[in-house]
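Geometric and topological summary
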Amino acid sequence: MAKNLLIVESPAKAKTINKYLGKDFQVLASYGHVRDLKPKEGAVDTEHGFTMAYEVIERNEKHVDAIAKAAKLADDIYLATDLDREGEAISWHISEILKERGLTKGKQLHRVVFSEITPKAIKAAVAAPRQLSHDLVDAQQARRALDYLVGFNLSPVLWRKVQRGLSAGRVQSPALRMIVEREEEIEAFKAREYWTIEAQLKHADGDFTARLSKLNGKKFEQFDLTNETDAQAARAALKQAAHGRLTVSDVGSKERKRRPAAPFTTSTLQQEAARKLGFTTSRTMKVAQGLYEGVALGDEGNVGLITYMRTDSTMLGDDALAELRQLIVRDFGAHALPDAPQVYKTKSKNAQEAHEAIRPTSAMYTPKAVAAFLNDDQRKLYELIWKRTVACQMIHATLNTVSVEFALRDVTGGDASFRASGTTVIDPGFLAVYEEGRDQKTEEDDDEGRRLPRMVVGEQVPLHEIAADQHFTEPPPRYSEASLVKALEEHGIGRPSTYASIIQVLQNREYVFLDSRRFKPSDVGRAVSNFLTAHFTRYVDYDFTAKMEDELDAVSRGEEAWVPLMERFWLPFKQQVDEKTESVDRNEATGARELGSDPKTGKPVSVRLGRFGPYAAIGTKDDEDKPTFASLRPGQSMHTITLAEALELFKLPRQLGQAENGDEVSVAIGRFGPFVKQGSTYASMKPEDDPYTIELPRALQIVAEKLEMLANRLILDFGNGVQVLNGRYGAYITDGEKNARIPKEQEPKELTEKQCLELLAAAPVRKGRFGKKTAAKKTATKKAAVKKAAPAAKKTAVKKASTKKKAAKKTATKKTATKKAATKKAVAEKVEA
DNA sequence: CAGTGAGCGAGCTTCCGCTTGACTT
């Protein structure tokens, strides 16, 4: 039996290290954090020194048990979790758990750290153990408690003032704010007109263009020409002065170096994979995880191809550097190798640098060599990582920029000049392998790769034309996933392990949504953000996290105690929460707007945010008769809607007349979009139909189509509730409870009752709407279930469920009561539905 | 499936960071 137990966070890492340490060691993984605050109110006791109530994370229980079991048999236990704040805390939690279970008597607990996974580094780490740093653990606990307190106090304010179920937090709220403020900038943006003037020249060695750089004796600036009249006048004057040619007045050339980009961190990998491969952040992370965990490489077996993908460091290990330099000489020649390895400083604030940069585990696994063993996504991402890493250790590129100036005196006597430049590559250096993508093109990018004809001062170049072009300034672009991650990282908000999930949270809450891969805020998102920014400014400030980090650093260095730090934060924060809960008006919090008055009644028309989203109202609740309401249509926003658009909404439902049988026919917009109603039949309108203009004949046609579809629905009926039906996705079998698919080769009409029963028996139980709840996916499933259940559940179902739940709570004595009750609730609703 | 938008005030929602799998549409 191994006498030594070593614990790391990631199972893939555990496997690798196991190989290095031999059989005296058993290496186990904690799978991340092992304990966390109880996810309820009161987990941080603000009255008594911020005592924190922890519990083992359910999902990781089996891993904790495995560690405990191994610890029992080991003499020495090495806690080798990551060397950052969170890693230190994980080690501390594990040691606390082992102590609680009485497993540490007579054993040595060692804390060891390393930042690269090589046999040398691991052995050196094990040979130099230290004690747990309680200062670092304190800093982590302060971080954890603060996040909990911010989230669990701000969110309830939103439930009261804006909408139930909303959330706020130290990270998600500033992230949301960025998106909302960008949208407001765009709305407030006024495009400005400007004109550029360009000379098109015909040189014997090739045509090229030159931009106007000087006009009337002054440097030509962006807004010097802002209308067509001026621009055309300037163009005409220049053209006249030129007389069909321009004279070279100056030729200059400048050599420039371009340096390769730093090796990938999580954030830069996500950005570059978005730019070059079109991957979302979560797709990038998923693919990277696969490369990290290992890929079967033929005879070589399973090989981890890249280092850890959640990192904020640009550091490369010595062994990796040596290998990269060897490869560069081998594949690109000695001249491509700089004298010394290139070292990159980590730029991001609050970097913890627990791991290396993201790099290939071995540069010798060239993209070509491993391509056959990878799927498409893996191949693309691996190639990107490999090239970026190799390039970062290659020599800089040397570029030469040639500028040619053409001076002329225009007819009014003012000096003017045109300038052309072209950039050529003298020595490509790292560019032979890789160049970082750009978010936006600049003028310089246009010049790149352009080679001008060789020209000398005094030379006359024939002029083809002088053109004036109209342009308009553009608003700043909306954030994409990648540019949001970049902005977050620049402010030190969020961590490599959370960038992808921050984006998920904002979307799950329906604060923001992607439109052509750019983030737009929803009305709820804007309400939440503006409310928080106005009333909790300090806590959703972009540098709140940075300030917190400074304080936590002081704690981790032992210069400050964490409890006083917490008190300084908590007391004013709590006071603010209480005060705002009292004082803020709900209409103000939700961003209600008055649009004007209804021409028919003279009553005020307003837009508000209600339980079911944004709506318009005519009149107020203080009026004698009730106000009338209408939901905003998808795509409309309460911030941009006009009075006329709002009034349109009240034109529905429209009565169109009567069907042949005397049924009233009307159109309206429901939860599922526009529909026609005839008697008690509802039929959805097609996207090309407009509910405001549709007329009776077309409406009747839609209803007829629907009725026909219903009539054709039944294929077979066996009389015992088992039916074969035609559905949206083709024929299927149902017994009312669950549905079964029909094998491809089977003709639905020829099914026998026996066949149907067999297929039904084999079909999976329908989990759909109220999904069974597994511990691992607690939150996700729950959310989905609640969301779908809420509008559908009948009142009776809800009532039944809650009484059941009470019963469950009474009988169950353990702390799992709530969870059990929740499962029961789901069952109860299912039965009811 | 096709309303709603205040409320009697029950009981509910919510954070950030570390890690991986098990789920269907």
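Residues numbered from 1 in each chain as written. Chains lettered and ligands numbered in written order. Predicted model: local features only at pLDDT ≥ 70, side-chain atom pairs only at ≥ 80, totals over all residues. Heavy atoms only, no water.

1. Re the overall build of chain A
For chain A, the count of helices and strands is 25 helices and 31 strands. Dimensions along the principal axes, computed over C-alpha positions, put chain A at roughly 95 × 90 × 70 Å. Buried residues in chain A amount to 45% of all 833 residues. A fraction of 68% describes how many contacts in chain A between residues 6 or more apart in sequence connect residues 24 or more apart. Carbon and sulfur atoms make up 51% of the accessible area of chain A, which totals about 44500 Å². Placing the 131 positive and 116 negative side-chain charges of chain A at their respective mean positions leaves the two points 6 Å apart. (Helix = DSSP H or I, 4+ residues; strand = E, 2+ residues; numbered from the N terminus. Buried < 20%, exposed > 50% of the residue type's maximum accessible area, 1.4 Å probe, protein only. Contact = heavy atoms within 4.5 Å. Areas by Shrake-Rupley, 256 points an atom, 1.4 Å probe, with all protein chains shown as cover. Lys, Arg positive; Asp, Glu negative; His and termini not counted. Charge placed at Lys NZ, Arg CZ, Asp CG, Glu CD.)

2. With respect to the pattern of salt bridges
One pass over the structure, following the stated rule, counts 42 salt bridges. For the salt bridge of Arg130 with Glu88, the shortest nitrogen-to-oxygen distance reads 3.0 Å. With Arg130 in the loop between helix 4 (119-127) and helix 5 (134-161) and Glu88 in helix 3 (residues 85-100), the pair connects residues that are 42 residues apart, well separated along the chain. Residue class for Arg130 comes out partly exposed when judged on its relative accessible area of 33%. By sharing partners, the salt bridges in this structure join Glu272, Arg275, Lys276, Arg388, Glu436 and Asp439 into a single network. (Salt bridge = Lys/Arg side-chain N within 4 Å of Asp/Glu carboxyl O.)

3. Some words on the nonpolar core
Core analysis: the biggest nonpolar cluster contains 76 residues, and Leu158, Tyr511, Val528, Leu532, Met566 and Phe569 have the highest contact counts within it. With 11 residues, the single largest contributor to this core is helix 5. For Met566, the contacting residues outside a window of four places in its chain are Phe50, Ala142, Ala145, Leu146 and Leu149. (Core = buried A, V, L, I, M, F, W, Y, C linked by side-chain atoms within 4.5 Å.)

4. Focus: the packing of helix 9 (residues 281-293) against helix 12 (residues 376-392)
Between helix 9 and helix 12, the shortest axis-to-axis distance is 9 Å and the interhelical angle comes to 85 degrees. It follows from the interaxial angle that helix 9 and helix 12 lie roughly perpendicular. From helix 9, Arg283, Thr284, Val287, Ala288, Gly290 and Leu291 reach across to helix 12, where they touch Asp377, Gln378, Leu381 and Tyr382. (Axes fitted to C-alpha atoms, helices over the stretch in contact; angles between N-to-C directions. Parallel < 35°, antiparallel > 145°, perpendicular 65-115°, else oblique.)

5. Some thoughts on the sheet that holds strand 21 (residues 604-610)
Hydrogen bonds between backbone atoms are what pair the strands of a sheet, whose relative direction is either parallel or antiparallel. Spatially, 20-21-22-23 is the arrangement adopted by the 4 strands of the open sheet, whose pairing is antiparallel. One side of each edge strand has no neighbouring strand; the edge strands of this open sheet are strand 20 (593-597) and strand 23 (628-631). Taken pair by pair, the neighbouring strands of this sheet meet at an average axis angle of 25 degrees, ignoring direction. Sheet topology note: the strand 21/strand 22 (residues 613-618) ladder contains 6 bridges and is antiparallel. Bridge pairing in strand 22 places Arg608 opposite Tyr615. (Pairing = 2+ DSSP bridges.)

6. Looking at the environment of Pro521
Examined against the element boundaries, Pro521 turns out to sit in strand 19 (residues 518-521). Residues contacting Pro521, with those up to four places away along its chain left out, are Ile179, Val180, Glu183, Tyr511, Val512, Phe513 and Arg526.

7. Regarding empty space enclosed by the protein
Using the criterion set out here, one finds 5 cavities of 30 Å³ or more in the structure. Looking at the largest cavity, its volume works out to about 60 Å³. What lines the largest cavity is simply Asp312, Ser348, Lys349, Asn350, Ala351, Glu489, Gly492, Gly494, Arg495, Pro496 and Tyr499. Of the residues that constitute the lining of the largest cavity, the class distribution is 3 nonpolar, 4 polar and 4 charged. (1 Å grid on protein atoms, 1.4 Å probe; cavity = no way out; pocket = protein on both sides within 12 Å on 5 of 7 lines; lining within 4 Å. Points joined across faces, edges and corners; volume = space filled by probe spheres on them. Nonpolar A, V, L, I, M, F, W, Y, C, P; charged D, E, K, R; others polar.)

8. What about the packing of aromatic side chains?
Two descriptors summarise a pair of aromatic rings, namely the distance from one centre to the other and the angle between the planes of the rings. In total, this model carries 14 aromatic pairs according to the counting rule given. On the numbers, 4.6 Å between centres and 20 degrees between planes, the contact of Tyr148 with Phe152 is stacked. Residue Tyr148 and its partner Phe152 are both found in helix 5; the two are separated by 4 residues, about one turn of the helix. Using a relative accessible area of 38% as the deciding quantity, one classes Phe152 as partly exposed. (Phe/Tyr/Trp six-rings, centres within 6.5 Å; stacked < 30°, edge-to-face > 60°.)

9. As for the side chain of His93
With respect to the secondary-structure elements, His93 resides in helix 3. When sequence neighbours within four positions are dropped, the list of residues in contact with His93 reads Val34, Arg35 and Tyr54.

10. A few points about the environment of Ser637
With respect to the secondary-structure elements, Ser637 resides in the loop between strand 23 and helix 20 (643-649). For Ser637, a relative accessible area of 14% gives the class buried. C-alpha separation for the pair Ser637 and Val607, spaced 30 residues apart in sequence, amounts to 9.4 Å. Not counting residues up to four positions away in its chain, the partners in contact with Ser637 are Asp523 and Leu632.

11. Brief notes about the sheet that holds strand 25 (residues 664-670)
Read across the sheet, 4 strands follow the order 24-25-26-27 without closing on themselves; strand pairing throughout is antiparallel. This sheet does not close on itself; its edge strands, each paired only once, are strand 24 (654-658) and strand 27 (681-684). Each strand of the sheet is rotated relative to its neighbour by a mean of 25 degrees, with strand direction disregarded. Each of strand 24, strand 25, strand 26 (673-678) and strand 27 touches helix 21 (residues 696-711); the most contacted strand, strand 27, lies at about 100 degrees to it.

12. Observations concerning the pairing of strand 29 (residues 723-727)
One face of the sheet, then the other: side chains in a regular strand alternate in exactly this way. Pairing of strand 28 (residues 714-717) with strand 29, which is carried by 3 bridges, proceeds in the antiparallel orientation. In the sheet register, Leu716 faces strand 29, and the bridge partner there is Val724. Counting the residues between successive antiparallel strands, the hairpin from strand 28 to strand 29 contains 5 residues, one of them, Gly719, with a positive phi of roughly 85 degrees.

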